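# Report on the structure
Below, each chain spelled out in residue letters.
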Amino acid sequence: SISRLGYLRAMLVTGLFALITFGSVWLADKPLSMHESRLPQLAREMSLGGSWIIPQSGGRPWTERPPLPQWIPALTLQGNPDRPAEWVVRIPPVFMGVLTGMFISAVACRITSSPRLGILAGVALASTYQFLIYATLAEDEVFLAALVAMAWWAFVEALYDARRRWFWGIVFFAALALTHLV
């Protein structure tokens, strides 16, 4: 069995590594690509008073994807939706990438009973090229990764925490339900 302190330390070390790795995109001031700009534009239109239920692009419904990946960036744009900086719309993907790394670290800690292996698993994920790209672009793939990792984490916690199994079951099914909005 792993100590609560070792478990939390592994998650925090992984989260800090991921935040430094992914957060470096905020310093780069890189412009959004044409494909990458779709999600922030939909979020911007929501922030300016558009439909929060059915995302719109240029006043027309945009129903290609579910709305959760637009809702979260729209919340970050509430302060200045007219002229958002590129780094502002990259905050939610970076945050979701950090959470994904932390969930993977927690799963590895719990399964192996080793904080070191938990840190290694989270850092390995956060340092892979493809995940780094998804966590630093203003796109929606990392939102799904975070929710799947959260569901996996809750499932593993339910296996090891019999006293609060009902709570972890609720978290598991809530994460699975939210995947339908991504």
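Quantities reported herein were computed from a predicted structural model and do not represent experimental measurements.

This brings us to the confidence of the model for the chain. Taken residue by residue, the chain gives an average pLDDT of 89. The fraction at 70 or more is 97%. Here helix α4 (residues 86-89) is the element of the chain with the lowest mean pLDDT, 78, and helix α9 (residues 165-179) is the one with the highest, 97.

The subject of this paragraph is the nonpolar core. Core analysis: the biggest nonpolar cluster contains 36 residues, and Tyr7, Phe22, Val98, Val142, Phe143, Trp153 and Trp168 have the highest contact counts within it. Counting residues per element, the ones that place at least two in this core are α1 (4-28), α5 (91-112), α7 (129-136), α8 (141-160) and α9. Beyond its immediate stretch of four places on either side in the chain, valine 98 contacts Gly15, Ala18, Leu19 and Phe22. By size, the runner-up hydrophobic cluster in this structure holds seven residues, among which are Ala43, Leu77, Val88 and Val89.

Another point: a nonpolar patch on the surface. Together, Ile111, Trp152, Phe155, Leu159 and Tyr160 make up a nonpolar patch on the protein surface, roughly 540 Å² of accessible area in all. Here the nonpolar patch gets four residues from one element, more than from any other, and that element is α8. You can see isoleucine 111 is positioned in helix α5. Accessibility expressed as a relative area gives 46% for isoleucine 111, which makes it partly exposed.

On to the packing of aromatic side chains, then. A complete count under the given rule lists seven aromatic pairs for this structure. Taking 5.0 Å as the distance between ring centres and 75 degrees as the angle between the ring planes, the aromatic pair formed by phenylalanine 167 and tryptophan 168 counts as edge-to-face. On the basis of relative accessible area, phenylalanine 167 is assigned to the partly exposed category, the value being 35%. Through a chain of ring-to-ring contacts, three or more aromatic side chains come together here, namely Phe103, Trp153, Trp166, Phe167 and Trp168. Over the face of the ring belonging to tryptophan 62 we find arginine 38, whose NZ or CZ atom lies 4.1 Å from the ring centre. A cation over an aromatic ring shows up here: arginine 110 above the ring of tyrosine 7, its NZ or CZ 4.9 Å from the ring centre.

Now for the pattern of salt bridges. For the coordinates displayed, the defined rule picks out two salt bridges. Between glutamate 157 and arginine 110 there is a salt bridge, with its nearest N and O atoms 2.9 Å apart. In this pair, glutamate 157 sits in helix α8 while arginine 110 sits in helix α5, placing the two residues 47 residues apart along the sequence.

This brings us to the packing of α1 against helix α6 (residues 115-126). Closest axis-to-axis distance for the α1/α6 pair is 9 Å, and the angle between their directions is 20 degrees. Relative to α6, the element α1 is oriented roughly parallel. Judged by the twist between their axes, the crossing of α1 over α6 is right-handed. The residues of α6 that touch α1, namely those facing Gly6, Arg9, Ala10, Val13, Thr14, Phe17, Ala18, Thr21 and Phe22, are Pro115, Gly118, Ile119, Gly122, Val123 and Ala126. Considered class by class, the residues forming the contact of α1 with α6 number nine nonpolar, five polar and one charged.

Cut-off values and rules
- Residues numbered from 1 in each chain as written.
- Predicted model: local features only at pLDDT ≥ 70, side-chain atom pairs only at ≥ 80, totals over all residues.
- Heavy atoms only, no water.
- pLDDT = per-residue confidence, 0-100.
- Helix = DSSP H or I, 4+ residues; strand = E, 2+ residues; numbered from the N terminus.
- Core = buried A, V, L, I, M, F, W, Y, C linked by side-chain atoms within 4.5 Å.
- Buried < 20%, exposed > 50% of the residue type's maximum accessible area, 1.4 Å probe, protein only.
- Contact = heavy atoms within 4.5 Å.
- Patch = residues over 30% accessible without salt bridge, like charges linked within 9 Å, V, L, I, M, F, W, Y side chains within 5 Å.
- Areas by Shrake-Rupley, 256 points an atom, 1.4 Å probe, with all protein chains shown as cover.
- Salt bridge = Lys/Arg side-chain N within 4 Å of Asp/Glu carboxyl O.
- Phe/Tyr/Trp six-rings, centres within 6.5 Å; stacked < 30°, edge-to-face > 60°.
- Lys NZ or Arg CZ within 6 Å of the ring centre and 35° of its normal.
- Axes fitted to C-alpha atoms, helices over the stretch in contact; angles between N-to-C directions.
- Parallel < 35°, antiparallel > 145°, perpendicular 65-115°, else oblique.
- Left-handed = near helix turned anticlockwise from the far one by under 90°.
- Nonpolar A, V, L, I, M, F, W, Y, C, P; charged D, E, K, R; others polar.

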